[in-house]
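# Fold and contact review
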Amino acid sequence: MGIMRLGRVQLRCHNWEKSVEYYKKVIGLIETARDENHVYLKAWDEYDHHSVILEKSDSAGLDHLAFKVKDEADLDYYEQKLIEYGVEVSRTPAGMRIAEGEAVRFQLPTGQYMELYHQIEVVGNGLPLTNPDPWPDGLVGIHPPRLDHLLISGEDVEGTTKLLQEVFGFGMSEKVLLDDGESMLATWLFITNTAHDIAVIKGPNAGVHHVAFYLDEWNDIRKAADIMGKNHVSIDIGPTRHGITRGTTIYFFDPSGNRNEVFCGGYITYADFPTITWTFDSLGAAIFYYNKELNERFTSVFS
Ligand SMILES: [Fe+2]
């Protein structure tokens with residue numbers, strides 16, 4: 001039984017044509033399908049059909065996030081666990097989205113819809129499975145190899161954190177406490193062995209602060225900043241480094257106002273990883289280790 005990884009996010013875009021072009025040409029994701037109101041995209045080193053779905057909408061935001069499970073039977077297993085935990089569960093039928101099988105769907109205490117799925121068409125990463133080169137030809141833009149994590153917002157940070165820990169077995173790598181020294185401002189949670197697969201922060205319910213793509217090394221972060229500069233991308237902060245996770249980063253916005261991140265590095269976690277705590281007075285260093293200050297936009301803009 002197991003949750004494998006963050007498999008997809010579906011983002012709403014109101015600036016439709018420009019947003020699609022941005023995700024394809026600036027981020028460098030590969031389009032694998034589209035229908036009237038959606039474009040399906042994958043990062044180049046992902047084998048599955050898609051990891052990002054863009055949805056034509058009149059607002060920005062997160063439609064849902066989804067984790068891929070190891071076996072089809074895991075859907076029944078986790079559905080039962082959710083019901084026992086007191087969560088209302090439904091099923092998204094196979095074929096409702098292109099190239100996807102059935103999914104288990106429920107709402108997190110912070111308001112986001114989350115799905116679990118197993119079946120999805122495999123399209124490969126453009127390289128053979130025997131004697132491959134390190135990367136395929138034809139990559140454009142920043143071209144991250146994969147989707148990495150997302151930061152969601154809501155009032156009940158404790159509730160979503162507890163559900164992810166108790167139902168699915170997520171570990172908590174880090175947490176930031178509020179100034180009362182007890183309640184949680186934010187938590188960083190992992191189910192793979194990265195520093196985090198999802199993070200949760202106090203903010204508007206059902207909100208998303210950012211969706212992050214992985215880059216292999218610091219030089220790729222610098223190159224990504226060059227590409228953002230060339231394409232007049234609105235940069236929020238960076239390049240810089242996080243105290244939390246120790247990752248290097250740039251935050252920036254898509255043409256609809258959804259915040260993206262390119263994220264590189266960070267430590268490896270295992271099941272026995274101890275939770276690191278940041279106190280409220282060290283919040284600046286926790287988020288941006290070098291200048292130790294949060295800008296107003298970073299703390300106030302969610303989609
Ligand atoms: Fe992040």
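A quick note: this is a predicted structure, and the numbers were derived from the prediction, not measured.

## Comments concerning the overall build of the protein chain
From N to C terminus, the protein chain includes six helices and 17 strands. Taking 303 residues into account, the globule formula puts the C-alpha radius of gyration at 19 Å, and the protein chain, at 18 Å, falls close to it. Projected onto its principal axes, the C-alpha coordinates of the protein chain cover approximately 50 × 50 × 45 Å. Counting the 303 residues in the protein chain, one finds 54% classified as buried. Contacts spanning at least 24 positions in sequence make up 66% of the contacts within the protein chain whose residues lie at least 6 apart. Accessible area for the protein chain stands at about 13,300 Å²; split by element, carbon and sulfur atoms hold 49% of it. Separation between the mean location of the 27 positive side-chain charges and that of the 45 negative ones in the protein chain comes to 4 Å.

## Examining the domain arrangement of the protein chain
As far as domains go, the protein chain holds domain 1 (3-117) and domain 2 (146-300). Each side of the interface is counted separately: domain 1 has 41 residues, and domain 2 has 41 residues. Note on domain 1 versus domain 2: buried area summed over both sides is about 3,200 Å², and carbon and sulfur give 71% of it. Our enumeration of links across domain 1 and domain 2 arrives at zero salt bridges. Where domain 1 packs against domain 2, one counts 15 residue pairs in polar contact (both at pLDDT 80 or more). Looking at the side of domain 1 that touches domain 2, the elements with two or more residues in it are strand 1 (3-13), helix 1 (16-26), strand 5 (61-69), helix 2 (73-85) and strand 8 (113-117). If one sorts the elements of the side of domain 1 that touches domain 2 by residue count, strand 1 sits on top with ten residues. Its residues assigned to classes, the side of domain 1 that touches domain 2 shows 26 nonpolar, nine polar and six charged.

## Some details on helix 1
For helix 1, the full list of buried residues reads W16, S19, V20, Y22, Y23 and V26. Trailing helix 1 by a residue or two, G28 shows a phi angle of about 90°, which is positive.

## Some words on the sheet that holds strand 17 (residues 276-278)
In a beta sheet, neighbouring strands pair by backbone hydrogen bonds and run either parallel or antiparallel. Taken in spatial order, the nine strands line up as 14-15-16-13-9-12-11-10-17 in an open sheet, and their pairing is mixed. Of all the strands in the sheet, just strand 14 (234-241) and strand 17 have a single pairing partner and so form its edges. Mean inter-strand twist for the sheet, computed between neighbouring axes without regard to direction, equals 15°. Bridge count between strand 13 (residues 207-215) and strand 16 (residues 259-264): five bridges; the pairing is parallel. Opposite V211, over in strand 16, you have N260 as the bridge partner. In this fold helix 4 (residues 218-230) packs onto strand 13, strand 14, strand 15 (248-253) and strand 16, with an angle of close to 20° to the strand it touches most, strand 15.

Basis of the calculations
- Residues numbered from 1 in each chain as written.
- Predicted model: local features only at pLDDT ≥ 70, side-chain atom pairs only at ≥ 80, totals over all residues.
- Heavy atoms only, no water.
- Helix = DSSP H or I, 4+ residues; strand = E, 2+ residues; numbered from the N terminus.
- Rg over C-alpha atoms; globule rule 2.2 N^0.38 Å.
- Buried < 20%, exposed > 50% of the residue type's maximum accessible area, 1.4 Å probe, protein only.
- Contact = heavy atoms within 4.5 Å.
- Areas by Shrake-Rupley, 256 points an atom, 1.4 Å probe, with all protein chains shown as cover.
- Lys, Arg positive; Asp, Glu negative; His and termini not counted.
- Charge placed at Lys NZ, Arg CZ, Asp CG, Glu CD.
- Domains from an automatic or database assignment.
- Buried area = accessible area lost by both parts, 1.4 Å probe.
- Salt bridge = Lys/Arg side-chain N within 4 Å of Asp/Glu carboxyl O.
- Polar contact = N/O pair within 3.5 Å; in protein donor to acceptor, adjacent residues only side chain to side chain.
- Nonpolar A, V, L, I, M, F, W, Y, C, P; charged D, E, K, R; others polar.
- Pairing = 2+ DSSP bridges.
- Axes fitted to C-alpha atoms, helices over the stretch in contact; angles between N-to-C directions.

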